[in-house]
Amino acid sequence: MTGVQTCALPIYNALARGSADAGRFYLALSLAREAARAADLSANPTAGATAHFWLGKYAALAGYHGEAERELATADQMFDGLPASREMEAYRTECQIGLADLDVGAGRGDSARLRLEGTRAHLPRIANYLVIARYFQVRSRLSSLMGDGAAAEKAARSRVAIAETALVSLRGERDRLLWNREMGEGYYELADSLWVAHHDPVSALDLLEAYRTASLRVGTGSRMTVDFAEIEANPGRPGSEIVREASSLPAGETLVVYALLPGGLTIWTAERGEIWSGRVPMAVERIRSLAGDFRQASSSPNTDAAGWRSLARQLYDVLIAPAGAHIRDGAPLLLDADPGLAGIPFQALVDASGEYLGARHALANWPGAAGYRSEERRVGKECRSRW
């Protein structure tokens, strides 16, 4: 390897990782390809194996499944030729989990099952919560593919249990952002299962609030201890105190929660312990698009007034009208919006009569059950003054 290539490899690796962290997977893939070419010219087999491993991961994230399969298989073979160590064991395990996931996506259930069975014995020795959570994610997907709903849900619960266990080990903002990005999907998928398969919207809401208040349970970066066998056998389920907190809301105050779950936009209302939930029959991507258009229109000085008002009407019908029968006219509203709806000026939504939502209701942001309790109910006046 030339001096230029030696310098280029860590630069490509760092840029690829930063691009992936920002969700720019195509750019990460392009940079990882360059890193793999540079690594192949080196005399360092560890650098080569690692470069092909990350190339396979980024290819999978970008949707290039054929390339991902080739690169992960190549990396697995290269790691197999290196001296045995815990680090090499972890890399090979993650290669096999990634290949199993690609097998599931291609409908190769038997191949995925064999791969996962082969990795299971290694997992109790791996301290990386992301690898363990990924294993349970793929196991859940495989069980769904094979028609075993109970096993799929149990694996999904184990994935969330690992996420909860990992909270104590997080250090700094980057760790918290990584946890949020990688673990959030697991909470949302399990909440969706509780809502749809178990017809249990209260437990779904409880789980959702546990996820949204996770930052309040983050530890101080201490070492994570995982009892893999226990989490696999008895995953349990985290919960918040949402039901008790909703019961303690002042008379007339209504909590409204939104979640863009896999099955669709789901809404909950809670007032003095009475909880209602419903689902909006509109594609999630369409709702995201409307929300994005309204955010942009509301922040631009050149927005056409008629177009802006049309968006405000459409979003009222999506976000408020479905829960209208459970929101008393004039009641103060505490809003817990999904991140995909963040930044929407709810007070500017327009009903069928042309009236703004903010003209009929005082609005405040709900900081989650734990946050609401810790603020000792000061949030009501403070938040309302900001709208």
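The sections below set out a description of the structure shown in this document. Quick caveat: nothing in here was measured; it's all calculated off a predicted structure.

### A few points about the packing of helix α6 (residues 109-120) against helix α7 (residues 129-145)
Relative placement of two packed helices is described by the angle separating their axes and the distance separating the axes. Put simply, α6 and α7 touch, their axes get as near as 10 Å, and they point 150° apart. One element, α6, and the other, α7, form an angle in the roughly antiparallel class. For the pair α6 and α7, the crossing hand works out as left-handed. Residues Gly109, Ala112, Arg113, Leu116, Thr119 and Arg120 of α6 pack against Tyr135, Val138, Arg139, Leu142 and Leu145 of α7. Of the residues belonging to the contact of α6 with α7, the class tally is six nonpolar, two polar and three charged.

### Some remarks on the packing of aromatic side chains
One pass over the structure, following the stated rule, counts 16 aromatic pairs. Their ring planes at 25° and their centres at 6.0 Å tell us that Trp179 and Tyr211 sit as a pair that is stacked. Separated by 32 residues along the polypeptide, Trp179 in helix α9 (residues 172-196) and Tyr211 in helix α10 (residues 201-212) bring together distant segments of the chain. An identical accessibility class is assigned to Trp179 and Tyr211; each is buried. Ring-pair connections join several aromatic residues into one group, and the members of that group are Phe53, Trp54, Tyr58, Phe79 and Tyr91. Above the face of the Trp195 ring, Arg279 is positioned so that its terminal group lies 4.4 Å from the ring centre.

### Points about the packing of helix α5 (residues 86-105) against α7
Where α5 meets α7, the closest approach of the two axes is 10 Å, and the angle between their N-to-C directions is 25°. On the basis of the axis angle, α5 is roughly parallel to α7. In this structure, α5 meets α7 at a crossing whose hand is left-handed. Contact residues: α5 offers Thr93, Glu94, Ile97, Ala100, Asp101, Val104 and Gly105, while α7 offers Val131, Arg134, Tyr135, Val138, Arg141, Leu142 and Leu145. Across the contact of α5 with α7, the residue classes break down as eight nonpolar, two polar and four charged.

### Quick look at the environment of Gly307
Structurally, the position occupied by Gly307 is in helix α14 (residues 305-319). Take Gly307: its relative accessible area is 30%, and that puts it in the partly exposed class. When the C-alpha positions of Gly307 and Asp293 are compared, they lie 10.0 Å apart, and in sequence the two are 14 residues distant.

### Some details on helix α2 (residues 25-40)
The end-to-end C-alpha distance of α2, which contains 16 residues, comes to 22 Å, matching closely the 22 Å that a straight helix rising 1.5 Å per residue would cover. Within α2, the full set of buried residues consists of Ala28, Leu29, Leu31, Ala32, Ala35, Ala36, Ala38 and Ala39.

### As for the side chain of Ser203
Among the secondary structure elements, Ser203 is positioned in helix α10. You can call Ser203 buried: its relative accessible area is 13%.

### So, the pairing of strand β1 (residues 254-261)
Counted residue by residue, β1 has eight buried out of eight residues, so it is predominantly covered. Of the two faces of β1, the one holding Thr254, Val256, Tyr258 and Leu260 and the one holding Leu255, Val257, Ala259 and Leu261 are both buried throughout. As paired strands, β1 and strand β4 (residues 333-336) are joined by four bridges and run parallel to one another. Among the inter-strand pairings, Leu255 is bridged to a residue of β4, identified as Leu334.

Calculation rules
Residues numbered from 1 in each chain as written. Predicted model: local features only at pLDDT ≥ 70, side-chain atom pairs only at ≥ 80, totals over all residues. Heavy atoms only, no water. Axes fitted to C-alpha atoms, helices over the stretch in contact; angles between N-to-C directions. Helix = DSSP H or I, 4+ residues; strand = E, 2+ residues; numbered from the N terminus. Parallel < 35°, antiparallel > 145°, perpendicular 65-115°, else oblique. Left-handed = near helix turned anticlockwise from the far one by under 90°. Contact = heavy atoms within 4.5 Å. Nonpolar A, V, L, I, M, F, W, Y, C, P; charged D, E, K, R; others polar. Phe/Tyr/Trp six-rings, centres within 6.5 Å; stacked < 30°, edge-to-face > 60°. Buried < 20%, exposed > 50% of the residue type's maximum accessible area, 1.4 Å probe, protein only. Lys NZ or Arg CZ within 6 Å of the ring centre and 35° of its normal. Expected span 1.5 Å × (residues − 1). Pairing = 2+ DSSP bridges.

Purely geometric numbers; function is a separate question.
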